[in-house]
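Topology and contacts: notes
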Amino acid sequence: MLKRAQGSASGIAGYAQKVEKRRNRFKELSADEEKELQEAFSLFDTDHSGTIDYRELKVAMRALGFAVKKDEVDAIMREYDRDDSGSIEYPEFREIMMERMGDRNPQDELAKAFKIFDDDGSGVITVRNLRRIAKELGEDVNDEELFAMIDEFDQNGDGVIDEKEFLAIMSKGADAGLVED
């Protein structure tokens, strides 16, 4: 009996920690994030039922940049499909996505973004890298404009953007190129 009571107490404490951890991970969604989630939910609610099932959830999460595996989606459905209907509604989807978004590590996300630009693995972003990105985005940008971009944010004057400079751009925005006296 004592063992069961101790198990219950540690179970309650574990549950309380899990709830608190969840609460701390949630952040307020920006209007753009909220809109993105609503659009994703609507897009993947293929039968327009106001709910998404296991398959639709998996596709929606992947489309939003979360590489989820079958067993993860199964666990999510078990946890959030509270009425055992085989589907979840938008408020549950929003809760899932807020938790996932809260789990993202901004530094890891920025490192991944740097690697997208630095496709040759040189450790820097060159005019050639920017030209490729502009082409992929369908932007018509001449070399003079690309060199101006590099010059604006190249803090050490080496003619390229290293990861430190890239992180400054991404965390401070356009003001990153301004040098304070």
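Residues numbered from 1 in each chain as written. Predicted model: local features only at pLDDT ≥ 70, side-chain atom pairs only at ≥ 80, totals over all residues. Heavy atoms only, no water.

1. Description of a negative patch on the surface
For the record, the criterion: In this analysis, a patch consists of residues with relative accessible area above 30% that form no salt bridge, clustered at 9 Å for like charges and at 5 Å for the nonpolar side chains Val, Leu, Ile, Met, Phe, Trp and Tyr. Note on areas: Shrake-Rupley, 1.4 Å probe, and residue coverage restricted to the protein chains presented here. Any Lys or Arg side-chain nitrogen located within 4 Å of an Asp or Glu carboxyl oxygen qualifies as a salt bridge. For this count, His and the chain ends are skipped, Lys and Arg are scored as positive, and Asp and Glu as negative. The atom standing in for a charge is NZ when the residue is Lys, CZ when it is Arg, CG when it is Asp and CD when it is Glu. Under the scheme used here, helices are H or I runs from DSSP no shorter than 4 residues and strands are E runs no shorter than 2 residues, and both carry numbers assigned from the N terminus.
A surface patch of like charges, here negative, comprises Glu139, Asp140, Glu144 and Glu145. By the element assignment, glutamate 144 lies in helix H8 (residues 143–153).

2. Focus: the nonpolar core
How we decide: Definition used in this section: a nonpolar core is a set of buried Ala, Val, Leu, Ile, Met, Phe, Trp, Tyr and Cys residues joined via side-chain atoms within 4.5 Å. Any residue under 20% of the maximum accessible area for its type is buried, any over 50% is exposed, and the rest in between are partly exposed; the area is computed with a 1.4 Å probe on protein chains only. Residue contacts are defined here by distance: any two heavy atoms, one from each residue, within 4.5 Å place the two residues in contact.
In terms of nonpolar packing, the biggest core is built from 23 residues, with Leu37, Leu57, Met61, Ile88, Phe93 and Met97 touching the most fellow members. At the level of secondary structure, the elements contributing two or more residues to this core comprise helix H2 (31–44), helix H3 (54–63), helix H4 (70–80) and helix H5 (90–103). Top element by residues in this core is H5. It accounts for six residues. Once residues within four sequence positions are removed from consideration, leucine 57 is found in contact with Ile52, Val73, Ile76, Met77, Ile88 and Phe93. Core analysis: the next-biggest nonpolar cluster, separate from the first, contains ten residues, Phe114, Leu130, Phe153 and Ile161 among them.

3. Section: the packing of H2 against H5
What counts, and what does not: For every element, the axis is a line fit to its C-alpha atoms; helices are fit only across the contacting stretch, and the angle between N-to-C directions ranges from 0 to 180 degrees. For classification, angles of less than 35 degrees are called roughly parallel, those exceeding 145 degrees roughly antiparallel, those between 65 and 115 degrees roughly perpendicular, and all remaining angles oblique. The hand of a helix crossing depends on one turn: near helix anticlockwise from the far one by less than a right angle means left-handed, and clockwise means right-handed.
Across the interface, H2 lies against H5 with an axial gap of 11 Å and an inter-helix angle of 125°. If you check the angle between H2 and H5, you find them oblique. By crossing handedness, the relation of H2 to H5 is classed as right-handed. Judged by residue contacts, Glu33, Glu34, Leu37, Gln38 and Phe41 of H2 engage Tyr90, Phe93, Arg94, Met97 and Met101 from H5.

4. Here's the deal with the side chain of aspartate 154
Rules: Whenever a nitrogen or oxygen atom comes within 3.5 Å of another N or O atom, the pair is scored as a polar contact, on the condition that within protein one atom can donate a hydrogen and the other can accept it, and that pairs from neighbouring residues in sequence are kept only if both atoms are in side chains.
With respect to the secondary-structure elements, aspartate 154 resides in the loop between H8 and strand S4 (161–162). Within the buried core, aspartate 154 has no salt-bridge partner, and the shortest N-O distance to an opposite charge, that of lysine 164, equals 11 Å. A polar side-chain atom of aspartate 154 sits 3.2 Å from the main-chain amide nitrogen of glycine 157. Those residues in contact with aspartate 154 that sit more than four places away from it in its chain are Gly159, Val160, Ile161 and Glu165.

5. Points about the pattern of salt bridges
Counted by the stated rule, this structure contains nine salt bridges. Aspartate 119 serves as the salt-bridge partner of arginine 132, at 2.9 Å between the closest nitrogen and oxygen. One end of the pair, arginine 132, is in helix H7 (residues 127–136); the other, aspartate 119, is in the loop between helix H6 (106–117) and strand S3 (124–125), and 13 residues separate them in sequence. For arginine 132, a relative accessible area of 19% puts it in the buried group. For arginine 128, the salt bridge goes to aspartate 120, with nearest N and O atoms at 3.1 Å. Exposure remark for arginine 128: the relative accessible area of 38% places this residue in the partly exposed category. Under the relative-accessibility criterion, aspartate 120 is labelled partly exposed at 41%. Salt bridges linked by common partners bring Asp119, Asp120, Arg128 and Arg132 together as one network.

6. Re the environment of glutamate 56
Locating glutamate 56 in the fold gives a position in helix H3. Those residues within four positions of glutamate 56 in sequence are excluded, and the remaining contacts are Phe44, Asp45, Thr46, Asp47 and Thr51. Within polar-contact distance, the side chain of glutamate 56 engages the side chain of threonine 46 at 2.7 Å.

7. Re the packing of H3 against H4
Stated formally: Nonpolar residues are Ala, Val, Leu, Ile, Met, Phe, Trp, Tyr, Cys and Pro. Charged residues are Asp, Glu, Lys and Arg, and all others, Gly as well, are polar.
Following both chains from N to C, one finds H3 and H4 inclined at 120°, their axes separated by 10 Å at the closest point. Relative to H4, the element H3 lies oblique. Handedness of the H3/H4 crossing: right-handed. Residues Tyr54, Leu57, Lys58 and Met61 of H3 pack against Lys70, Val73, Asp74, Ile76 and Met77 of H4. Of the residues belonging to the contact of H3 with H4, the class tally is six nonpolar, no polar and three charged.

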